[in-house]
Amino acid sequence: MTGVSIKKIIDKMKLKVLNPEVDVKSRYVTVADVNRPALQLTGYFEHFEKDRVEIIGMVEYTYLQKLEENEKLDIYKKFFSYDIPCVIFSRNLQPDEDLLRIATENNTPVLSTDYATSSFVAELIYYLKEELAPCISIHGVLVDVYGEGLLITGESGIGKSEAALELIKRGHRLVSDDVVEIRKINEHTLVGTAPDITRYFIELRGIGIIDVKTLFGVECVKEKQNIDLVIKLEDWKKENEYDRLGLEEEYTEFLGNKVVCHSLPIRPGRNLAVICESAAVNHRQKKMGYNAAQELYRRVQANLQKNSDDDENEE
């Protein structure tokens, strides 16, 4: 079953289960959006988004309290006749016994949270969008360098893990080695994580597997990170031409999102960690509005114009 299990949502959001008789492990949420069933509680069920998590806030709760007993029972029976993933009461509101009984009969979990409705809905939607986002796995290393998500790719054995280890020794944080799971959160954001089985481990040829969290401490690892920049390591070839100015950005694409990509030729004596740090800081500087290559180009143009004006004056 694809989706997020109700049990996982309960653990993540610290929810209370109000009808523990229902098996929450076998029920899943497959839609990232949520629904506040205001119209449904009045009896209007056309266009009802039954696949979404249903949120009962103060407005819906007080409306139910004012209904006649028979009318309330009819609404409950029709509402829970749909295959709803779960119903969550915010602000620690407590449902009546009839609602719990009918929900349990229809195998629908009823949950509760202490959070206010708006803040809880925002947090839940963000969590569901992240969990249900399109996902791919690629071969590479993801490191947090000065707050920038640096994805290092290249052929097997080219030195990705060694570069990551040097970055860790310089105070940066490892997210994933060897396999990076990339999720598309929205049209502008890609988030990288490590598979559970390899999280915080690095493979070093000749040494084996090392546990970064144990060796260097929790301050050197991170669970997830936005991917801001890609460094592609490749063997240096004399006949190839490499960008020496950086006036035009090159991009690579993951799940339809473009990410700035730099091809970095590998030669003996090059300090990959320092180069990666410089690339991360330079990318951060560009996002803040300063481009060193464009500034150099501006100075050259200004100098040429000055020399041209001086020649004209001499004539």
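Keep in mind that this is a model prediction, so the values were computed, not measured.

### Observations concerning the overall build of the protein
Thought 1: Across its full length, the protein holds 9 helices and 19 strands.
Thought 2: Against the globule reference of 20 Å for 315 residues, the protein gives a C-alpha radius of gyration of 28 Å, more extended than a compact globule.
Thought 3: Taking the principal axes of its C-alpha atoms as reference, the protein extends roughly 100 × 60 × 30 Å.
Thought 4: Each of the 315 residues in the protein was classed as buried or not, and the buried ones make up 43%.
Thought 5: Across the protein, every contact between residues at least 6 apart in sequence was considered, and the portion connecting residues at least 24 apart equals 69%.

### With respect to the sheet that holds strand β16 (residues 224-226)
Thought 1: Strand order in the open sheet formed by 4 strands is β8-β12-β13-β16, and the pairing between neighbours is antiparallel. On the outer flanks of this sheet lie β8 (135-139) and β16, each paired with one strand and no other. Each strand of the sheet is rotated relative to its neighbour by a mean of 30 degrees, with strand direction disregarded.
Thought 2: Two strands pair when backbone bridges link them, and strand β13 (residues 190-193) and β16 are joined in this way by 3 bridges, in the antiparallel orientation. Within the sheet, the bridge partner assigned to V191 lies in β16 and is N226.

### Re helix α2 (residues 58-65)
Thought 1: Along α2, the positions that sit buried rather than exposed are E60, Y61 and L64. End-on view of α2: buried residues confined to an arc of 100 degrees, all on one side of the axis.

### Focus on the side chain of E54
Thought 1: Mapped onto the secondary structure, E54 falls in strand β5 (residues 53-56).
Thought 2: No salt bridge is formed by the buried E54. Its closest oppositely charged neighbour is R52, at 7.2 Å.
Thought 3: If sequence neighbours within four positions are ignored, E54 has contacts with N35, P37, F48, E49, F79, I84, C86, V87 and I88.

### Quick look at a nonpolar patch on the surface
Thought 1: A surface patch of nonpolar side chains, amounting to about 570 Å² of accessible area, comprises L245, L247, L296, Y297, V300 and L304.
Thought 2: Take L296: it is sitting in helix α9 (residues 292-314).

About the criteria used
Residues numbered from 1 in each chain as written. Predicted model: local features only at pLDDT ≥ 70, side-chain atom pairs only at ≥ 80, totals over all residues. Heavy atoms only, no water. Helix = DSSP H or I, 4+ residues; strand = E, 2+ residues; numbered from the N terminus. Rg over C-alpha atoms; globule rule 2.2 N^0.38 Å. Buried < 20%, exposed > 50% of the residue type's maximum accessible area, 1.4 Å probe, protein only. Contact = heavy atoms within 4.5 Å. Pairing = 2+ DSSP bridges. Axes fitted to C-alpha atoms, helices over the stretch in contact; angles between N-to-C directions. Arc of directions from axis to C-beta. Lys, Arg positive; Asp, Glu negative; His and termini not counted. Salt bridge = Lys/Arg side-chain N within 4 Å of Asp/Glu carboxyl O. Patch = residues over 30% accessible without salt bridge, like charges linked within 9 Å, V, L, I, M, F, W, Y side chains within 5 Å. Areas by Shrake-Rupley, 256 points an atom, 1.4 Å probe, with all protein chains shown as cover.

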